[in-house]
Structures are given as C-alpha cells and as structure tokens.
There are 2 protein chains.
Amino acid sequence: MSRIVTVGAAQLGPIARSDTRTQVVERLIALLKQGSEHGCDVVVFPELALTTFFPRWYMEDQAEVDQFFEKSMPGTDTQPLFDAAREYGVGFYIGYAELTEQDGQVRHFNTSILVDKSGEIVGKYRKIHLPGHAEHEEYRAFQHLEKRYFETGDMGWPVYRAFGGIIGMCICNDRRWPETYRMMGLQGVEMVMVGYNTPRHNPPSPEHDRLSDFHNHLVMQSAAYQNGTWVIGVAKAGVEEGCELIGGSVIIAPSGEIVARCTGMGDELAVAICDFEMGHSYKNTIFNFEAHREPQHYGLIVERKGAKVTV
Amino acid sequence: MSRIVTVGAAQLGPIARSDTRTQVVERLIALLKQGSEHGCDVVVFPELALTTFFPRWYMEDQAEVDQFFEKSMPGTDTQPLFDAAREYGVGFYIGYAELTEQDGQVRHFNTSILVDKSGEIVGKYRKIHLPGHAEHEEYRAFQHLEKRYFETGDMGWPVYRAFGGIIGMCICNDRRWPETYRMMGLQGVEMVMVGYNTPRHNPPSPEHDRLSDFHNHLVMQSAAYQNGTWVIGVAKAGVEEGCELIGGSVIIAPSGEIVARCTGMGDELAVAICDFEMGHSYKNTIFNFEAHREPQHYGLIVERKGAKVTV
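The structure reproduced in this document is the subject of the present report. (Residues numbered from 1 in each chain as written. Chains lettered and ligands numbered in written order. Predicted model: local features only at pLDDT ≥ 70, side-chain atom pairs only at ≥ 80, totals over all residues. Heavy atoms only, no water.)

## So, the pairing of strand E13 (residues 258-261) of chain B
Two faces belong to every sheet, and in a regular strand the side chains alternate between them. All names here are of chain B. Of the pairings in the sheet, the one linking strand E12 (residues 250-252) to E13 comprises three bridges and is antiparallel in character. In the strand pairing of E13, Ile-252 is matched with Ile-258. Taking the residues between adjacent antiparallel strands as the criterion, E12 and E13 are bridged by five residues, where Gly-256 takes a positive phi near 90°. (Pairing = 2+ DSSP bridges. Helix = DSSP H or I, 4+ residues; strand = E, 2+ residues; numbered from the N terminus.)

## Description of the interface of chain A and chain B
Chain A puts 67 residues into the contact, and the matching count from chain B is 67 residues. Taken over both partners, the interface formed by chain A and chain B buries close to 6,400 Å², and the fraction arising from carbon and sulfur atoms is 62%. Per-residue buried area on chain A facing chain B is highest for Trp-177, His-297 and Lys-305 of chain A; these three make up 11% of the total on that side. Counting across the chain A and chain B interface gives six salt bridges. With its nearest N and O atoms 3.0 Å apart, the salt bridge here joins Glu-179 of chain A to Arg-293 of chain B. Seen at the junction of chain A and chain B, the total is 41 residue pairs in polar contact (both at pLDDT 80 or more). (Contact = heavy atoms within 4.5 Å. Buried area = accessible area lost by both parts, 1.4 Å probe. Salt bridge = Lys/Arg side-chain N within 4 Å of Asp/Glu carboxyl O. Polar contact = N/O pair within 3.5 Å; in protein donor to acceptor, adjacent residues only side chain to side chain.)

## What to know about the sheet that holds strand E4 (residues 105-115) of chain A
Residue and element names in this part refer to chain A. Pairing is mixed across the open sheet formed by six strands, whose spatial order is E5-E4-E3-E2-E1-E14. Two strands close off the open sheet at either side, each with one partner strand: strand E5 (121-126) and strand E14 (268-275). Mean inter-strand twist for the sheet, computed between neighbouring axes without regard to direction, equals 35°. Summarising the sheet, strand E2 (residues 42-44) and strand E3 (residues 91-102) pair through three bridges and their orientation is parallel. For Val-43, the partnering residue across the bridge sits in E3 and is Phe-92. Sitting on the sheet, helix H3 (residues 79-88) touches E3, E4 and E5, and the angle it makes with E3 is about 145°. (Axes fitted to C-alpha atoms, helices over the stretch in contact; angles between N-to-C directions.)

## Section: the packing of aromatic side chains
All names here are of chain A. In total, this model carries 26 aromatic pairs over all chains according to the counting rule given. For the pair Phe-54 and Phe-150, a centre-to-centre distance of 5.8 Å together with 55° between the ring planes defines the contact as tilted. Of this pair, Phe-54 sits in the loop between E2 and helix H2 (62-66) while Phe-150 sits in the loop between helix H4 (146-149) and strand E6 (159-162), and the two are 96 residues apart along the sequence. When its relative accessible area of 5% is taken as the criterion, Phe-150 is described as buried. A network of ring pairs unites the aromatic residues Phe-54, Phe-68, Phe-69, Tyr-149 and Phe-150 as a single cluster. (Phe/Tyr/Trp six-rings, centres within 6.5 Å; stacked < 30°, edge-to-face > 60°. Buried < 20%, exposed > 50% of the residue type's maximum accessible area, 1.4 Å probe, protein only.)

## Examining the pattern of salt bridges
Residues and elements named next belong to chain A. Taken as a whole and judged by the stated rule, the model has 46 salt bridges over all chains. Across the pair Glu-244 and Arg-200 runs a salt bridge, and its minimum N-O distance is 2.9 Å. Of the two residues, Glu-244 sits in strand E11 (residues 243-245) while Arg-200 sits in the loop between strand E8 (191-196) and helix H6 (212-227), which places them 44 residues apart along the sequence. Salt bridges linked by common partners bring Glu-98, Lys-124, Arg-126 and Asp-154 together as one network.

## Describing the packing of helix H1 (residues 21-37) of chain B against helix H3 (residues 79-88) of chain B
Residues and elements named next belong to chain B. Put simply, H1 and H3 touch, their axes get as near as 10 Å, and they point 10° apart. Here H3 runs roughly parallel to H1, going by the angle between their axes. Facing Val-25, Leu-28, Ile-29, Leu-32, Lys-33 and Ser-36 of H1, the residues of H3 in contact are Pro-80, Leu-81, Ala-84, Ala-85 and Tyr-88. (Parallel < 35°, antiparallel > 145°, perpendicular 65-115°, else oblique.)

## Points about H3 of chain B
Residues and elements named next belong to chain B. If you check which residues of H3 are buried, you get Leu-81, Phe-82, Ala-84 and Ala-85. All buried residues of H3 project into a common sector of 155° when viewed along the axis, lining one side. Residues of H3 that are buried sit in contact with H1, strand E3 (91-102), strand E4 (105-115) and strand E5 (121-126). Immediately downstream of H3, the backbone of Gly-89 shows phi near 70°, a positive value. (Arc of directions from axis to C-beta.)

## Digging into unusual backbone geometry
All names here are of chain A. With an omega of -5°, the peptide bond between Met-73 and Pro-74 qualifies as cis. Within the fold, Pro-74 resides in the loop between H2 and H3. For Leu-48, which is not glycine, the phi dihedral falls at a positive 40°. Relative to the helices and strands, Leu-48 resides in the loop between E2 and H2. Using a relative accessible area of 1% as the deciding quantity, one classes Leu-48 as buried.

## A short note on the environment of Met-184 of chain B
Residues and elements named next belong to chain B. You can see Met-184 is positioned in helix H5 (residues 178-185). By relative accessible area, which is 0% here, Met-184 ends up buried. Sequence separation of Met-184 and Asp-154 is 30 residues, and the distance between their C-alpha atoms is 15 Å.

## As for the pairing of E5 of chain B
Residues and elements named next belong to chain B. With five bridges joining them, E4 and E5 adopt antiparallel strand pairing. Note that in E5 the partner of Val-115 across the bridge is Ile-121. With antiparallel pairing between neighbouring strands as the criterion, E4 and E5 make up a hairpin whose turn holds five residues, including Gly-119 at a positive phi of roughly 85°.

## Description of the sheet that holds strand E9 (residues 230-235) of chain A
All names here are of chain A. The six strands lie next to each other as E6-E7-E8-E9-E12-E13, forming an open sheet whose pairing is mixed. The open sheet has two free edges, formed respectively by E6 and strand E13 (258-261), since each of these has just one partner strand. Across this sheet, the average inter-strand angle for adjacent strands is 20°, counted without regard to direction. In this sheet, strand E7 (residues 165-171) lies alongside E6 in antiparallel orientation, the contact comprising four bridges.

## Some thoughts on the relation of the copies chain A and chain B
The transformation that overlays chain A on chain B combines an axial shift of 0.0 Å with a rotation of 180°, and the residual RMSD is 0.0 Å. Classification of the inter-copy transformation places it as that of a two-fold axis. Of all interface residues in chain A, 99% are interface residues in chain B too; the two copies therefore contact each other through one and the same surface. (Least-squares fit on C-alpha atoms with pLDDT ≥ 70 in both.)

By themselves these figures say nothing about function.
Written out as structure tokens, the structure is:
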C-alpha cells in the first residue's frame, strides 16, 4: 500500500535587506499557489525565509537585530501565508527567526514550523547545530554570526504525524551532522524537511568552496539512505546583498537518489510524488536498527563533544 | 607541512572454496610487490581475504566452519605475507576469520589487522556490525550467515599511530553506519581502512540491487567528509562460487572525493598519494567537533537500539 504525499521544494532567490515582510510573503504565496496547481500537499521553504540572511552582518544594537525576528507566528505580516495555505489546501514548512519569552527571559532561536492544510501549526523545531562564530571577525568579507544571534535549540528533534506520514525537521547546518538524522531515524521518521542558507564562500576554508554543491547533496543523500527517509532540502539561493548563496534544492528518496531538483538561483518550485512507504524497504532490511545497531559500542558519541587524541 | 602516506587499494578477484591459503597468499604477495614498485607505504586488502566468503553457505558441522578460520596470525600459511611485508617494506591491512581462545572459551570474530613495514602487527579490530542472519533461510540462493558464524566484536573502534598518522579500521557492513566513523572521528582518526565482501544481490531487498555501487560509495564518501578523514574501501570482487560481489574499491580524500579507484572485478591495485594533514582543514573548520557538536541532544543514539514510533 502506498502512502503518497506530493511535495514541493520551494526555493527562494535573494531577499534584500530592504525588502518588507509583505513583499516576501507575496513571493511565498505565489510559490504556494504554484504548488497547489501542481497537486502539492505541502511545500518546503528555506531557513530564515522571511528576511535576508542577517547573520552576515555584525550588529551591536540588539533592537536592530530584533527587527529580523518574529515576535509571534503567525503575525500581522505572515497571516496571509497561513490564510493562503487554508485557501489552497497546501501545507508548508518555513524557517524564521523566533523571538519569544520563556520564564520571563527573552529567547532567540533559529526556528522552523510545519503548517497543515488548514493553516494550523502542527510542528516546531529550533536549530541545534548553529554554525559560524559569536564575535566579529574582521578578516571575513561577510560574517556568519549565528552563534551570536541565536541560542542552541532546546527541543531536540521531535517528529510529527502530518500529511499521512511521520515528519521531522532540521535547519541548514544540522544537515551536515549524521547525528541529526539518526535522532529522527530512531523515532521512525519518514520525511525530513530542511531549509538552508549556505554561502558558497566559507572564509575559514576557502579551499572547500568549489565543493559546496557536492557536499550539500552528499550529506543529505547519505542520511536519506542510512535512515530510510525522504529528505527535502531547500535553499535560499543566488547573490543576496553581495553574498552568493548556493542553490541546489532537492527532493531525495530513501534510496539516496535525487528525484527532483531546482536548477536556477531564483524563486523556483521542484515537485515530487513521494511515497512514505518507500523507506520501509530500507528500515526493514539493511537498516533494520533493532537487528543491526550496536549502541553499546557508541558511547563516545554522547560522552565526548570534541575529538581527543589519546594514542 | 604535509605528512604523506602512499596507499594501495589491493582489490581481490574471486577466491574459490577449493583454493588453498598458499594460493591466496601468493596473490596477496603479488599485489604487495606491485605496491612496493609503485611507492606504496601500505596496501589495504579486503575483508576475509584468505578464503572464499564462506558465510554464503549454511553449515551445521562446526569443524567444517572452523576450516575457514585462522587459529594464529601469522600462521604457517600466512607467514610468507608477513615476510614479504618486511622484504618489500610495505605494510598492510587484511581481514580474516579469527578463531581464538579467551578465558577458556572458543571465540569467533570477523577481524582485521594492521601490519607495519617490519611485518609486525600494530593494530587489530573485530567487526561490530555483523549483517545478515543466524538461521538457515531457504528462500535465499546464497545465505549471509555472519550472525551465525561470528560474535560481535569486543574491542570498540580503537585507532593506532602508524605510517605517520592516526589509523582506524572497520569491516564491510560497518561502513554503512555513521556511528562507526564518528567513534573514530572522536579519537582524531586520519585514515579509515575498510575491506568488504558485498554481494550485488541482497535477497531481502532485491529492489535495491541496482544501487549497490552507488550506496557503497555514498556511505564512505559522506563519512570521509563528515569526519575529515581518508577512507580506503577495498572489495573482494567478481563472481565467486556463483555469487557476484561488487568491486568499486576506492581511495577517498577527506573532501569526500574519490581520488583513486579500481575499475575491474579481479586482482587490481589502485594507488594514491595521501596527505594525513588534509583532513585538518575540515576538522578545524566546519567539522570542528569541539565548537559545533551538541552531544547533550544525541541521547537516543546510545539509549535506543531499534526505532520506536511514539507519535
């Protein structure tokens, strides 16, 4: 028996610093509408999809930083997106900067939500693997200050029943870490959604820049296979405020094969008809965790953060 | 500063059940000699490289099974390989079936050793991720009875200083599990050696057979990148006793790129000049574990063996 969900990878082109939320939401709605015209049940938008990728700038004024954050979701500017989801009957994943108060403390997270076809939020995730740095580094043409502007996510990697399957989320740099997917694989995840903003140029290791597209797909394809799950990876792409972001948005089957992809660097939709059941031929055989994992030998993975050489 | 080690991936063609150890060791020595002629410091042989891949047969007579095991290493038949290593000044990794006595108990492991240029054993590993099954399964044209003939390895994944770098080992199915490489990555591994015997046809999931070469490289390339380590994957290849084994032996750089590969299905050497230092541009930046891993969120990886759906 198949359990089909039709998914759109809704890549975004650049968002200028001066673009308003309203302008961006119009673009998102256009992609959502395109998804509905192509039979999508759900579309996946990128990380921090409502604004420019602001961690590229060092800012000392917290009020200036906070302008990039959403104080409520939906808010006034984003409500039309939720309304469109209900109108078109298409759900979505979207990443945004979340400002919230918990126990009297202001908190800042790099967050994603899953919204169903009725426009209700049915899942949430807060990014755990924050890349980059926390202090201004003069030598960089563009900063990558995620460790300054965000706290580490505090929700783990929950999975949710939605669209007829078991769905998990992660964000950008999370996708490079096999631990991310395994945490969801151990909860039976059938589809992982991940939005990203990835500069082509990484100032600390420019010698890897030529491989950025290869690495992007390599980590998601291997994780799909190793956990018997679909992976939907969606970029903010193109030259944004002078900084080139890679594209290469893809829909990856549990076989590790790329079954749909965006080819440009602007707003673009790629669609695939995905069967949640497909992963089970992996989960029940070569990656039958119950039969084949040996967690008694994996201790260092949780006991040790950094690498230690003791020989 | 470079730290160069020249490595040979010494793929083997089929070994017949009737072939003697002496015949096989002659082939290994020929590859070792070829390695020395091409400047190799070390060559990597496959898993269970001294005999045919015997877990394909169901045997009830333990004495018959034990004929495929080595009671000592080196033994009478394998001593010439160690002598050749010393003569040519080329070390090696080799996989073999190990029969040993520990605390008065006979133990059976799927084992590999690392031998230095003087012919001394300097490292050892016992396979942890045993694939296949423990009981006879009639529907299979060929059995895969590793869970019957071997015990789970009891050494974890130690790493060793050898050939100027930090070297780890794993065996065959271990290479599909990201936990394997991460355990070594957390010990600063710079090169992982892995031999394999992988039938093209997997009876429980024949629908994946067409992808066996793709999956073989995918798991090793992603692991190389994600741990900033070289990976040397070496096959027993070709049609052995009627069962086709995949080839595709490769030397993979810490970038995830394949830098050398075997193209045939017989005895064949592929050589690469490898710089142990290369991985450090990954280990110090995007995969700086101390800066970026979040082990407090990885608990399920060790707490749970099988997947559990709780939503």
